[in-house]
Amino acid sequence: MSVLRFPPSKSESRTVRTRVAEAPAETAPASLAASHAEPDTPPPGLNALCTLAAVFFGVPIVVLTAYDDPAAPLAVHGLTSEPAALFHTLSQPTQQGLDVVQLDEDALAAAQAPASLRFFVAVPLLLDGGVRASNERVGALCIADSQPRAFSPADLRHLHAYAEVAAGAVRSRRSLDEARMREQLLARASRLARVGGWEFNVETSALTLSEQAMDIYGLEPSTRPTLDMMLRRFYPGDALIDAREDFARILRDSKGYDSRRRIQRLDGTSRWIHVLAEPELREGQVVRVHGLIEDITEEVEAQRRFHELAYIDKLTGLPNRGAFLLELGRRFVRTEAINLVAVDIDGFKDVNDTLGHHAGDQLLTDISQRITAFFAVGTFVARIGSNEFAVIAEAPDDSPADFLAAVDQLRLALKAPMTYPEYTLMVSVSAGISAAPRQAEDADQLIRNTDIALYQAKKAGGDCSVMFEPQMRDRLEERVQLLRDVRLGIARGEFIVYYQPIYDMRNQTLSGFEALMRWSRPERGILSPAVFSAAFDDQTLAPALGTVALRAAFSQMRRWNEHGFDFGRVSVNVAAAQFYTGDLAGQIMSLLDEYGLTARQLTLEITESVYLGQGSNAVESTLRKLHDAGVHIALDDFGTGYASLSQLQRFPIDSLKIDKSFVQEPDARSIVDAIIALGTSMNLDIVAEGVETRAHQDQLLHSNCRYGQGHYYGKPMPAEFYG
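Definitions and cut-offs
Residues numbered from 1 in each chain as written. Predicted model: local features only at pLDDT ≥ 70, side-chain atom pairs only at ≥ 80, totals over all residues. Heavy atoms only, no water. Helix = DSSP H or I, 4+ residues; strand = E, 2+ residues; numbered from the N terminus. Buried < 20%, exposed > 50% of the residue type's maximum accessible area, 1.4 Å probe, protein only. Contact = heavy atoms within 4.5 Å. Areas by Shrake-Rupley, 256 points an atom, 1.4 Å probe, with all protein chains shown as cover. Pairing = 2+ DSSP bridges. Axes fitted to C-alpha atoms, helices over the stretch in contact; angles between N-to-C directions. Expected span 1.5 Å × (residues − 1). Arc of directions from axis to C-beta. Phe/Tyr/Trp six-rings, centres within 6.5 Å; stacked < 30°, edge-to-face > 60°. Salt bridge = Lys/Arg side-chain N within 4 Å of Asp/Glu carboxyl O. Core = buried A, V, L, I, M, F, W, Y, C linked by side-chain atoms within 4.5 Å. Parallel < 35°, antiparallel > 145°, perpendicular 65-115°, else oblique. Nonpolar A, V, L, I, M, F, W, Y, C, P; charged D, E, K, R; others polar. 1 Å grid on protein atoms, 1.4 Å probe; cavity = no way out; pocket = protein on both sides within 12 Å on 5 of 7 lines; lining within 4 Å. Points joined across faces, edges and corners; volume = space filled by probe spheres on them. Right-handed = clockwise from strand over helix to strand, strands pointing away.

Honestly, the overall build of the protein chain in this entry has me stumped. Any pointers?
Scanning the protein chain for helices and strands turns up 23 helices and 26 strands. Buried positions account for 46% of the 723 residues belonging to the protein chain. Taking all contacts inside the protein chain whose residues are at least 6 apart in sequence as the whole, residues at least 24 apart take part in 63%. For the protein chain, the accessible area works out to roughly 36,200 Å², and carbon and sulfur atoms hold 52% of it.

Can you help me understand the sheet that holds strand β2 (residues 75-77) in this one?
One key point about sheets: their strands pair by backbone hydrogen bonds, in either a parallel or an antiparallel sense. In spatial order, the strands read β2-β1-β5-β4-β3; together these five strands make up an open sheet with antiparallel pairing. Of all strands in the sheet, those bounded by a partner on one side alone are β2 and β3 (101-103). Put simply, the sheet's adjacent strands are angled 15 degrees from each other on average, direction ignored. Of the pairings in the sheet, the one linking strand β4 (residues 119-126) to strand β5 (residues 137-145) comprises eight bridges and is antiparallel in character. Paired with A122 across the two strands is C142, which belongs to β5. Contacts between helix α1 (residues 46-57) and the sheet are confined to β1 (61-66), β2 and β5, with β2 contributing the most and set at about 35 degrees to the helix.

Help me understand helix α22 (residues 669-681) in this model?
Each full turn of the α-helix corresponds to 3.6 residues, which orients residues three or four apart in the same direction. Given a rise of 1.5 Å per residue, 13 residues ought to cover 18 Å, and the 18 Å separating the end C-alpha atoms of α22 matches this to within 8%. Taken together, the buried positions of α22 are V672, I675, I676 and G679. Taken down its axis, α22 places every buried residue within 100 degrees of arc, on the same side. Relative to its buried face, α22 has exposed residues pointing more than 90 degrees away, namely S670 and S681. Buried residues along α22 sit against β23 (632-638), β24 (655-658), α21 (660-663), β25 (685-689) and α23 (694-702). Looking one or two residues past α22, N683 carries a phi angle of roughly 60 degrees, positive in sign.

Sorry if this is basic, but what is going on with the sheet that holds strand β6 (residues 195-201) here?
Spatial ordering of the open sheet is given by β7-β6-β10-β9-β8, a layout of five strands whose pairing is antiparallel. In the strand order of this sheet, the two ends are held by β7 (206-209) and β8 (257-264), each with one partner. Going across the sheet, the axis of each strand differs from the next one's by a mean of 25 degrees, ignoring polarity. Sheet topology places strand β9 (residues 270-282) next to strand β10 (residues 285-295); ten bridges connect them, and they run antiparallel. Paired with V275 across the strands is I293, a residue of β10.

Would you mind going over the packing of aromatic side chains with me for this structure?
Aromatic ring pairs are defined here through the distance separating the ring centres and the angle between the ring planes. All told, the structure shown has 25 aromatic pairs when counted by the stated rule. Pairing W560 with F567 gives two aromatic rings, centres 5.6 Å apart and planes at 40 degrees, and the pair type is tilted. For W560, a relative accessible area of 2% translates into the label buried. The exposure class of F567 is buried, given its relative accessible area of 1%.

Honestly, the pattern of salt bridges in this entry has me stumped. Any pointers?
Applying the stated criterion across every chain yields a total of 39 salt bridges. When the shortest N-O distance is used, the salt bridge between E105 and R118 registers 2.7 Å. On the criterion of sequence distance, the pair formed by E105 in helix α4 (residues 105-110) and R118 in the loop between α4 and β4 is long-range, its members being 13 residues apart. The shortest N-O distance in the salt bridge between D228 and R232 comes to 2.7 Å.

Honestly, the nonpolar core in this entry has me stumped. Any pointers?
V486, Y499, F554, V570, I588, L604 and L656 are the most contacted members of the largest nonpolar core, which totals 67 residues. Ranked by residues supplied to this core, first place goes to helix α16 (residues 541-562) with eight residues. When near neighbours in sequence (up to four residues on either side) are disregarded, I588 contacts L550, F554, L602, L604 and L626. By size, the runner-up hydrophobic cluster in this structure holds 29 residues, among which are V343, V351, F375 and A431.

Would you mind going over unusual backbone geometry with me for this structure?
Note on backbone geometry: most residues besides glycine have negative phi, and most peptide bonds are trans. The linkage connecting A436 with the following residue, P437, adopts the cis geometry, with an omega of 5 degrees. As for its position among the elements, P437 is in the loop between β16 (429-436) and α14 (443-459). Phi is positive for E283, close to 55 degrees, though the residue is something other than glycine. Residue position: E283 is located in the loop between β9 and β10.

Hey, could you run me through the packing of helix α17 (residues 584-594) against helix α19 (residues 616-629) in this one?
The packing of two helices is summarised by the inter-axis angle and the distance between the axes. Interhelical geometry of α17 versus α19 gives an angle of 30 degrees and a closest axis separation of 8 Å. Classified by the angle between their axes, α17 and α19 sit roughly parallel to one another. In contact with L584, A585, I588 and M589 of α17, α19 contributes T622, K625, L626 and A629. Considering only residue class, the contact of α17 with α19 consists of six nonpolar, one polar and one charged.

What is the right way to look at the environment of P70 in this model?
Among the secondary structure elements, P70 is positioned in the loop between β1 and β2. Sequence spacing of P70 and A85 is 15 residues, and the spatial spacing of their C-alpha atoms is 4.8 Å. Beyond its immediate sequence surroundings of up to four residues, P70 is in contact with A84, A85 and H88.

What exactly am I supposed to notice about empty space enclosed by the protein here?
Any empty space left between atoms is shown by rolling a water-sized probe over those atoms. If you walk through the whole model with that rule in mind, you get one cavity of 30 Å³ or more. In this structure, the largest cavity encloses a volume near 250 Å³. Lining of the largest cavity is provided by 17 residues; of these, W198, Y217, Y235, Y257 and V275 occupy positions nearest its centre. Secondary structure elements with two or more residues in the lining of the largest cavity: β7, α6 (211-217), α7 (227-234), α8 (238-253) and β8. Partitioned by chemical class, the residues of the lining of the largest cavity number 14 nonpolar, one polar and two charged.

What is the right way to read the pairing of strand β21 (residues 569-573) from this model?
Within a regular beta strand, the side chains point alternately toward one face of the sheet and then the other, so they alternate between its two faces. In terms of strand pairing, strand β19 (residues 509-521) meets β21 through four bridges, oriented parallel. Among the inter-strand pairings, F513 is bridged to a residue of β21, identified as V570. As paired strands, β21 and strand β22 (residues 602-607) are joined by four bridges and run parallel to one another. Bridge pairing in β22 places S571 opposite T603. For the crossover from β21 across α17 to β22, the handedness is right-handed.

Any chance you could explain α1 here in plain terms?
Under the 1.5 Å per step criterion, the end-to-end length of α1 is 16 Å for twelve residues, consistent within 8% with the ideal 16 Å. Looking only at α1, the buried set comprises L46, N47, L49, C50, A53, A54 and F57. Down the axis of α1, the buried set is contained in an arc of 155 degrees. They therefore lie on one face. Along α1, exposed side chains directed more than 90 degrees from the buried face belong to L52 and V55. G58 sits one or two positions beyond α1 and adopts a positive phi of about 65 degrees.

Quick look at the structure:
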């Protein structure tokens, strides 16, 4: 219900009022000659009062200043050019201390008043006529002259009398304003379509409802309602108890009430009403209760719809991230022991990409229903991201291990097949778990801990549940700091390339080199890639490091060409992130042209994870373009990942590199023989890494492996070491 406030409070800006001088201009000193506009009408009689005071005291200037507005006096006589603020300033002592201010020409000069002002007296303007200390200060009545003059005690009494008359005029104006305010409120209430009035006579128990109030309740005009009938018929359940308590309280404590209730009308529809009630007292007893009733159903429904838009996920019907944050904050206010679970669907993007977004939407809906059904009624479940859900579960007594086992059961339940008319889906999820207050003092920290645990689950390959441990945060902070240092190292040019030879073991001739990145840190020396391997998983840093490696290798290849050194091929490793940042094939071909190299002098080494990750189609397209141009493609660390024969057949691959862990392990000889046999059958070159001894070489040659790389032929060294 809108409430209008008349007049504005003192905190609100009051319209500046200026007054037209009512005395002829020639009665004022020459230095005070000007005119003022009059946008507002002063309280009735004040201008006339100023004129009478000017005649009575024989002064040219009379000003009624306003206490709360220096620039807008209540009324003036004879004031022309001098600002009203001057008289407000001179009368400040009387407005503050309620004392008379009388200034002669010396005092006025000391107050830096204009030389044309040589006499000034002011008395306070008090709104109420009671004790001075309790009076409301309205302003001051000031008289002034351009000539010095005497001012007797009798004059002062007369000036006080004029001030009382002026205060009476202000009181009258305020009373008029209040009456108009009441009229406007009543007029507004009568115009509103859904607002009605009511009255209850305590002595006779008679209840009177206006026509509009009857309509709100759905009553016929002929109905003669009683209070008991209204309460019993329209207020269901707890609303009846609350309504009876409201009415009992107003009779007992003589204080009004303001309530919002849901009523059930006779036609079966529900409405929301806003009820205001105020008591009418006689000799301290409530004799009547007056009130307004407003139908606020549309407002409540609008608020409900807004709440749904703001806090409900439209697809699943679950609370969204905003509602989740509010609920988590409430749990911390109540200092409850809780477990927070973040559940992320593995490979969700692949579902959207292969089956369409309608399939992804159906999957999200079914997953949300399974999560909700798994936990006890009342457990808070929300969708907080594209394919991420959050669960706030009470944990008063459960041990971390017990709850982790429960989340594992949820994970297994979510893996159960989901059958649709066109297809059947089976997906896995990753889950991160953190507890409060055991592991977090506030909501933000709990969310961060849970995200860290979820990150560890995803990093482990997904399809697992991870409980947060403090050392996880430490490792993550170390990783973040490492990435900052790598970014700074790239800017400083600290990353360099070493070269390790690859030999044709059959004829003991150089076949090529592998370009291996090193980090030259002034404070730590030369660091191997194992120190900064996390940077190759970063979507921003990996492409930047890849560009550094390509340019360094190409620059060295050009120098070797210029010196006539036959280096064969140079292998450069390419990270998965480099395939997703643009046209990698076009970038490499442009660099080859820039450095005057041929595609057949370059080998790109790719790990199995690149083939198996998201965006494998982009990887295949890029590699095929490069392969068709003559770039050699090598599958690095073969046997340590999950590459299958289908990947070997699908992607353009020229050689397999056997991981050194197999070469150097005697018990893995059968694995090495199987990889060599597989590669040979597919017409692929085989390169064995980690060849450290003559025995390693002899065994590999015996197994028909032609190429070798390792310390037996040379360690990774700066290019100058080899040619």
